[in-house]
Amino acid sequence: MPDQSLRGVLDLHVHCDPDVKARNVTDISMAQRCLESGMRGFLIKSHDWSTHDRAYIASLVVPGCEVFGSLCMNLSHGDKVNPFAVSQALKTTGNALRCVWLPTRESAYDMKRNKTGRPGIPVVDEHGHALPEVIRTMELCAEADIVLASGHSSNDETVELARAAKIVGLKKFVVTHATSDPWTISPDNIKRCFELGAYVEHSYVALIWGPGTPFPDFAPCPVETLLEYVNICPERTFLTSDLGTAGLPFPDQAMLSFMRLLSERGVSQKHIDAMAKDIPAMLMNV
Ligand SMILES: [Zn+2]
């Protein structure tokens, strides 16, 4: 019996098998879990490969579940942000590409933060301005009216990206998992991004990771901190699981826990519905 509270919920950040890391769902089993749990659908994220083609196939195999694809700008697509990869994904049968993530694991910021000695994929030049290939990617996302997400960028880079997105006329710029430890964006910078028209994502995984989990080095975000962020502008904030990791809860369970937690902590049902259902649906154009 599906839980009615998941009716209409879209999780825009799910890591599925096949992948280079162990996952607890495949594209297909996640779609089946949606049907069983009452969840509306999900967006597949892979750090390495575009998932627009997989999403299309999954939606054919499991009718009734809405599955969306995304493309993450890591080294599998070259050592610069690659607008050609975006244009080809947008032309592909099925029309399932709904999000482009700027570099994550191989971003210049993560490479520096992790002291790899490698340059990583940049999003800004030496003056801190968005690079031409980033602007071109924003233009493609704006034309197609899909999401461009900040990926693993620094605070300064994220604000610059929000500024550039506004100039380009990109309506769906998303600040990725703003309360996830190594990529936390300060409340002041979140406010600046909101003023520039951005949407902000918060991920459930950031509340539960830490010692004893597959992410032992990341500090869990205190619930009080999450609530402060959520209350800055719930009208432009949305919730995701960022799960699929083997050994952690299933994404649909995480979404249910996330919504219950916010409800217990006094967030109104109206805002919870907006953050888990309406804003994700608007971002996916459904
Ligand atoms: Zn993720």
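Residues numbered from 1 in each chain as written. Predicted model: local features only at pLDDT ≥ 70, side-chain atom pairs only at ≥ 80, totals over all residues. Heavy atoms only, no water.

**Concerning helix 5 (residues 132–144)**
End to end, helix 5 covers 18 Å across 13 residues, agreeing with the expected 18 Å (1.5 Å per residue, within 8%). Along helix 5, the residues classified as buried are E133, V134, T137, M138, L140 and C141. Down the axis of helix 5, the sector holding all buried residues measures 160 degrees, keeping them to one side. Away from the buried face of helix 5 by more than 90 degrees, exposed residues P132 and E143 are located. Turning to helix 5, the residues buried within the fold contact helix 3 (83–91), strand 4 (97–101), strand 5 (147–149) and helix 6 (155–168). Two residues or fewer past helix 5, D145 is found with a positive phi of approximately 55 degrees. (Helix = DSSP H or I, 4+ residues; strand = E, 2+ residues; numbered from the N terminus. Expected span 1.5 Å × (residues − 1). Buried < 20%, exposed > 50% of the residue type's maximum accessible area, 1.4 Å probe, protein only. Arc of directions from axis to C-beta. Contact = heavy atoms within 4.5 Å.)

**Focus on the environment of T184**
Looking at the element boundaries, T184 is found in the loop between strand 6 (173–175) and helix 7 (187–195). Taking C-alpha positions, T184 is 32 Å from Q4, a pair spaced 180 residues apart along the chain. What T184 contacts, discounting residues up to four positions off in sequence, is N155, A178, T179 and Y229.

**Focus: the side chain of S150**
As for its position among the elements, S150 is in the loop between strand 5 and helix 6. By relative accessible area, S150 is classed as buried at 2%. At 2.9 Å, the side chain of S150 and the backbone nitrogen of T176 are in polar contact. Every residue in contact with S150, bar those within four places of it in the chain, is listed here: L102, P103, T158, L161, F173, V174, V175 and T176. (Polar contact = N/O pair within 3.5 Å; in protein donor to acceptor, adjacent residues only side chain to side chain.)

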